[in-house]
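Given next are the chains, with one letter for each unit.
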Amino acid sequence: MLERLELECFLTLAEELHFGRTAERLHVTRARVSQVIRALERRIGAPLFERTSRSVRLTLLGRRLHAELEPAYHRILRGVASAQAEARKVEGVLSVGYLGTAAGEFVMDVIRAFTRGHPRTDVRIHETQIKDMVGPLRTGQVDLLVTQLPVREPDLVCGPVVLRVPRMLAVPANHPLARRDAVSLEDLARDQVFACSGDVPEYWQEHLAPSRTPGGQPVRRGRMAGTLQETLTLVGAGHGISPVGADVCRSYTPRGVVYVPFADAEPFEYGLVWRATGATARVRAFAEVAVELAERADAASAASTVDPDR
């Protein structure tokens, strides 16, 4: 395998056919060029240049080696230049939004990994609210969003799932369901479920709390709430129930609210979302790191659940 200086000395001397000019171009001494070329010829096992007191020219073997190496070397230079140009595009400010505690924790993990590879990118975070889930993305306040799925908007691109959070039911502490070890989706029909106020797509509301249970029972929509804190306050006051993520239980314990796990509900899924016209190099680079971290977490989780006796 040729070392970089050997390659550059050989190709430059083949072009200049002059040791002095080669040395000037490479910012080394003429003696160093001669030393490197002699060492290369010893490694090859034959002369690559014919030298006289007046001229330097390639041997037949030298011409053949030059024909092989020169195109490959310039491809490498173009590749490096292209990578450097792409890296420069990543530099700058990247605003990342997130919805909920679990998404915020995930975003912070991604930022730590991302900034190690892109130290010149200033990543800023912005917490979004349910009542305006994708508004900050559309207005340009954020470039990328980690939010609860589904997101089915024609002007937005939805990337892969990066996070899954078990689903819980927030109920008043004096509610009959509060004494249960687990609840089912059928139990949503037993009380009013809070509706989301603001600019929330109906399909998202339906995914959070369906209008009918799997058994066909209607689910009553209760009072409107635009933030998680508002929802939990209303639950604690006894005005209804609401599905929430398990991360809420760790972060919010308002008085009068009890969290009960679902026995039959799929976890909430979170994904990366960005504007269809906003897939910049910074957004792509951040998304790649996020997906890589998510895949590692999934692999670690799968490994931890393997039966050691199998």
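Residues numbered from 1 in each chain as written. Predicted model: local features only at pLDDT ≥ 70, side-chain atom pairs only at ≥ 80, totals over all residues. Heavy atoms only, no water.

### What about the confidence of the model for the protein chain?
Just so we agree on the cut-off: The predictor rates its confidence in each residue with pLDDT, a number between 0 and 100. A run of DSSP states H or I qualifies as a helix once it reaches four residues; a run of E qualifies as a strand once it reaches two. Both are numbered from the N-terminal end.
On average, residues of the protein chain score 89 in pLDDT, and 95% of them reach the 70 mark or higher. For the protein chain, the element scoring lowest by mean pLDDT is helix α4 (residues 60–90), at 82; strand β11 (residues 257–261) scores highest, at 96.

### Observations concerning unusual backbone geometry
So the rule is basically this: Buried means the residue's accessible area, taken with a 1.4 Å probe over protein chains only, is under 20% of the maximum for its type, while exposed means over 50%, and partly exposed covers the values in between.
Residue Pro150 is bonded to the preceding Leu149 through a cis peptide linkage, with omega at 10°. Structurally, Pro150 can be placed in the loop between β5 (144–148) and β6 (156–165). Phi at Leu17 is positive, roughly 50°, even though this residue is not glycine. Tracing the sequence through the fold places Leu17 in the loop between α1 (4–16) and α2 (19–26). The class of Leu17 is partly exposed, set by a relative accessible area of 34%.

### What to know about the pairing of strand β4 (residues 121–127)
Here is the rule: Strands are labelled as partners when DSSP assigns at least two bridges between them. Clockwise travel from the first strand over the helix to the second, with the strands pointing away from the viewer, marks a crossover as right-handed.
Relative to β4, strand β3 (residues 92–98) runs parallel, the two being bridged by 7 bridges. Among the inter-strand pairings, Val96 is bridged to a residue of β4, identified as Ile125. Remark: the β3/helix α5 (residues 101–117)/β4 crossover connection has right-handed handedness.

### Observations regarding the sheet that holds β11
Put simply, the rule is: Angular values range over 0 to 180 degrees, each being the angle between N-to-C directions of two axes fitted as lines to C-alpha atoms, with helices fitted over their stretch in contact.
Strands sit in the order β10-β7-β11 across an open sheet of 3 strands; the sheet is antiparallel. The outermost strands of the open sheet, each flanked by one partner alone, are β10 (242–245) and β11. When strand polarity is set aside, the average angle formed by the axes of neighbouring strands in this sheet is 40°.

### A word on the nonpolar core
As a reminder, the rule being used: Put simply, buried Ala, Val, Leu, Ile, Met, Phe, Trp, Tyr and Cys residues joined by side-chain atoms within 4.5 Å make one nonpolar core.
Of all hydrophobic cores here, the largest spans 58 residues; its most connected members are Phe106, Val146, Trp204, Tyr259, Leu272 and Phe286. Formed by 20 residues, the second largest nonpolar core is a distinct cluster that contains Leu7, Leu11, Leu48 and Leu69.

### Re the state of the cysteines
Inclusion rule: When two cysteine sulfur atoms are found within 2.5 Å, that pair is recorded as a disulfide.
All chains considered together, the criterion is met by 0 disulfides. Cys196 takes part in no disulfide bond, and the closest cysteine sulfur to it belongs to Cys249, at a distance of 17 Å.

### Description of the sheet that holds β3
What counts here: Any two residues whose heavy atoms approach within 4.5 Å at even a single point are treated as in contact.
Strand order across the open sheet formed by 5 strands is β4-β3-β5-β12-β6, with mixed pairing between neighbours. Edge positions in the sheet fall to β4 and β6, since each of these pairs with one other strand and no more. The average angle at which neighbouring strand axes cross in this sheet is 20°, direction not considered. In terms of strand pairing, β6 meets strand β12 (residues 268–275) through 7 bridges, oriented antiparallel. Residue pairing across strands places Val161 opposite Gly271, the latter belonging to β12. Where α5 meets the sheet, it contacts β3, β4, β5, β6 and β12, and its direction lies at approximately 180° from that of β4.

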